[in-house]
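# Commentary on secondary and tertiary structure
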Amino acid sequence: MDCAEQKRCQKLAKSSSFYRRIYSEVEEIGWEHLVRFGEDLRLLSFRIMDKKGRVHILRITLDGTYPNHPPSIAADVPYLFNLKWSINSRLKDVIQQFQKHLEKLQDFWNLMDDIDHSLLVSDLRYPQRALSHRQLNISNECNIILSIDANDPTSLPDCRFLGSDSGVERLRAMWRKNCKRWMRDKPFSENLAHVLDIQLHGPSSIEKSDPQTECGICYAQYLPIDDELGAKSGSGTDCTCENFSCSRAFHSVCLGDWLRSITTTRQSFDVLFGNCPYCSDPIAVKMNTRK
Amino acid sequence: MTSPSASSRKALSKIACNRLQKELMEWQVNPPAGFKHKVTDNLQRWIIEVNGAPGTLYANEMYQLQVDFPEHYPMEAPQVVFIPPAPLHPHIYSNGHICLDILYDSWSPAMTVSSVCISILSMLSSSTVKQRPVDNDRYVKNCKNGRSPKETRWWFHDDKV
């Protein structure tokens, strides 16, 4: 047998033992946690839920030296942990260490969620779990940016002031004068109102969840980016119930899928006639030509 | 158990996953009275504790619901069963299957886990007698081998109880 052939066989045997190993390691974690993987199994994404039901994705990249060298990891967290790795370590150890890390960050995220729910945060459309700062709208002319210490979330945050000189000057003076009165055991918004000596705005009700733009079926404003959805991939809601007291918005993809799945729907050419899932009034939707 | 294990079911689609995460968030902010979602990291199977409403036949009793979501939720209803022992009720079989139209033919994507839970509690609360359905033994025998209640051809008895 020539040398090249022998080399090829060796390489194949090596990669098949790699696949076997990864399969058994994923099995230990549970397949339901695996949300995505690369074809060569060198890129794995796991979904882990923390105590409060917040969902976190851990991306693990394995290079050719695995398991002799630790895998590299990435996640939407304010800071990562140092992976402890030995020759006997397996992927489930990575998950366990990640879970411990999430545990450590619970107080931080509880506080960030509390801020998002109780104060008027500007630009809350795509909050990332890694972000440790929030911009708050204080008045028409002033904003502040608060940076929270992820390791010590109840401590006095760093504060930067944005806006007109006069407004900012007053706030800054108050902050300097009162910042010693920040109490760790008091709710964040109460502390902030106290230190700045002002009335704070609650979250805007319009921004919260607008039934005009969110689809009444999938609950998202935009469809996921997905080849299967063809031209509709990533598009917003494009169809609304005509009953004025209902006015629910839908993606025509979602509404079409639903209407097609029930027997009472009628079809004429490429239009489906059925009833709005919310108010039962008649509703019609043009069928999507999928790839 | 009455349903296939978590690993052999088809995983949730992206759309289903996104919608369930939002339902779970909403549940945490505003849980239906009398229910408690047991925290697990499995989005596709929720275990929910149900407390019988005060002043009804089921007061001070606690049951568990198992809710399994299909790949294309909410286009299809979730599978909802009581984990035995199931409450004694004219529409609840001893294997935990529930005869309730919104879980099968009358499901609509406008419903949520929370609204389904409330319907089940109201079904319990309006009961005047603690007994099994008349065809319980026959039905449960037919359901051996872990058949899902969604495969049953349901005949909805009445809407009084």
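Residues numbered from 1 in each chain as written. Chains lettered and ligands numbered in written order. Predicted model: local features only at pLDDT ≥ 70, side-chain atom pairs only at ≥ 80, totals over all residues. Heavy atoms only, no water.

Looking up chain B in an unreviewed UniProt entry gives the name Ubiquitin-conjugating enzyme E2 17, with the organism given as Datura stramonium. The UniProt entry for chain B carries the following comment under Sequence similarities (unreviewed entry): "Belongs to the ubiquitin-conjugating enzyme family." (UniProt positions renumbered as here; feature names shortened; annotations may be inferred.)

Looking at an unreviewed UniProt entry, one finds chain A named E3 ubiquitin-protein ligase FANCL, with Datura stramonium as its source organism.

### Overview of the sheet that holds strand 1 (residues 35-38) of chain B
Strand-to-strand pairing in sheets goes through backbone hydrogen bonds, with the strands running parallel or antiparallel. Residue and element names in this part refer to chain B. Across the sheet, 4 strands lie side by side as 1-2-3-4; this open sheet has antiparallel pairing. Each edge of the sheet is formed by a strand with only one pairing partner; in this case those strands are strand 1 and strand 4 (79-82). Averaged over all pairs of adjacent strands, the angle between their axes in this sheet comes to 25 degrees, without regard to strand direction. Of the pairings in the sheet, the one linking strand 3 (residues 62-68) to strand 4 comprises 4 bridges and is antiparallel in character. Its bridge partner being in strand 4, glutamine 66 is matched across the sheet by valine 81. Relative to the sheet, helix 1 (residues 14-29) contacts strand 1 and strand 2 (45-51), its axis offset from that of strand 2 by approximately 25 degrees. Across the sheet, helix 2 (residues 113-125) is in contact with strand 1, strand 2, strand 3 and strand 4; its angle to strand 2 comes to roughly 35 degrees. (Pairing = 2+ DSSP bridges. Helix = DSSP H or I, 4+ residues; strand = E, 2+ residues; numbered from the N terminus. Axes fitted to C-alpha atoms, helices over the stretch in contact; angles between N-to-C directions. Contact = heavy atoms within 4.5 Å.)

### Here's the deal with the interface of chain B and chain A
Bring the parts together and some accessible area is lost; that lost area is often taken as the interface size. With 21 residues of chain B in contact, the opposing surface of chain A contributes 25 residues. Where chain B meets chain A, there are 0 salt bridges. Linking chain B with chain A are 5 residue pairs in polar contact (both at pLDDT 80 or more). Among the residues forming the side of chain B that touches chain A, the class breakdown is 9 nonpolar, 7 polar and 5 charged. (Salt bridge = Lys/Arg side-chain N within 4 Å of Asp/Glu carboxyl O. Polar contact = N/O pair within 3.5 Å; in protein donor to acceptor, adjacent residues only side chain to side chain. Nonpolar A, V, L, I, M, F, W, Y, C, P; charged D, E, K, R; others polar.)

### Overview of the UniProt feature "active site" (unreviewed entry) in chain B
All names here are of chain B. In the numbering adopted here, UniProt assigns the feature "active site" (unreviewed entry) to Cys99. Structurally, cysteine 99 is set in the loop between strand 4 and helix 2. A relative accessible area of 4% places cysteine 99 in the buried class. (Buried < 20%, exposed > 50% of the residue type's maximum accessible area, 1.4 Å probe, protein only.)

### What to know about the environment of Asp165(A)
Residues and elements named next belong to chain A. Among the secondary structure elements, aspartate 165 is positioned in helix 4 (residues 165-178). With relative accessibility at 68%, the residue aspartate 165 sits in the exposed group. When the C-alpha positions of aspartate 165 and glutamate 141 are compared, they lie 9.4 Å apart, and in sequence the two are 24 residues distant.

### Considering the side chain of Glu61(B)
Residue and element names in this part refer to chain B. Here glutamate 61 lies in the loop between strand 2 and strand 3. Side chain to side chain, glutamate 61 and lysine 130 meet in a polar contact 2.4 Å long. In contact with glutamate 61, other than residues within four places in its own chain, are Val50, Asn51, Gly52 and Lys130.

### So, the packing of aromatic side chains
The full count for this structure, using the stated rule, is 15 aromatic pairs over all chains. Residues Phe250(A) and Tyr278(A) carry aromatic rings whose centres are separated by 6.2 Å and whose planes lie at 40 degrees to one another, so their mutual orientation is tilted. Of this pair, Phe250(A) sits in strand 9 (residues 249-250) while Tyr278(A) is found in the loop between strand 11 (271-275) and strand 12 (282-286), placing the two residues 28 residues apart along the sequence. Residue classification places Phe250(A) among the buried residues on the basis of a relative accessible area of 0%. Taking 6.2 Å as the distance between ring centres and 80 degrees as the angle between the ring planes, the aromatic pair formed by Tyr63(B) and Phe82(B) counts as edge-to-face. Placement of the pair is Tyr63(B) in strand 3 and Phe82(B) in strand 4, with a sequence separation of 19 residues. For the pair formed by Tyr63(B) and Phe82(B), the shared burial category is buried. Through pairs of rings, three or more aromatic residues link up here, namely Trp27(B), Trp46(B), Phe69(B), Tyr73(B) and Trp107(B). For Arg42(A), the ring lying beneath its charged end belongs to Phe18(A), and the centroid distance is 4.1 Å. (Phe/Tyr/Trp six-rings, centres within 6.5 Å; stacked < 30°, edge-to-face > 60°. Lys NZ or Arg CZ within 6 Å of the ring centre and 35° of its normal.)

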